[in-house]
Amino acid sequence: MSNSLVPNDLESNHILKLHYFVPSERKLWTIIGKNNEYWLDPELDYCSCKHYYYKTLSGKEKCQHLKIFNEFLKKNNYDKIKFSDEEYSGFLITLIKDILRI
Ligand SMILES: [Zn+2]
């Protein structure tokens, strides 16, 4: 890996989390990086990290989180956390505030 934006030990420092809302079965994925938690949307190929913003959006390449997401998923290497639907909007607000650092 020669990309300087991606630390070599990235993979070992990541924990993928599935936030699963019932009964609607809505899913939100987050991945914990070195300093931040990022919001991943695999269906939209979206990630809230800087790499995504600068590189993926301009069509260059997927960010590391989106790349390793599939690996983690295949290995069932993630935590599944159940929430109720009433918690959904509150969770989303917290997540967005976190990402935008409001
Ligand atoms: Zn990312």
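Preceding block: the structure.
Residues numbered from 1 in each chain as written. Predicted model: local features only at pLDDT ≥ 70, side-chain atom pairs only at ≥ 80, totals over all residues.

**Quick look at unusual backbone geometry**
Part 1 of the argument: That bond from Val22 to Pro23 is cis: its omega, 5°, falls within 30 degrees of zero.
Part 2 of the argument: In the Ramachandran plot, Asp45 falls in the positive-phi region, its phi being about 60° despite a non-glycine side chain.
Part 3 of the argument: Counting through the fold element by element, Asp45 comes out in the loop between β3 (37–41) and β4 (46–47).
Part 4 of the argument: Of note, the phi angle at Asn76 is positive, near 55°, even though the residue is not glycine. (Helix = DSSP H or I, 4+ residues; strand = E, 2+ residues; numbered from the N terminus.)

**Quick word on the environment of Tyr78**
Part 1 of the argument: For Tyr78, the location among the structural elements is in strand β5 (residues 78–84).
Part 2 of the argument: Those residues in contact with Tyr78, other than ones at most four positions away along the chain, are Leu16, Lys17, Leu18 and Phe72. (Contact = placed C-beta atoms within 7 Å.)

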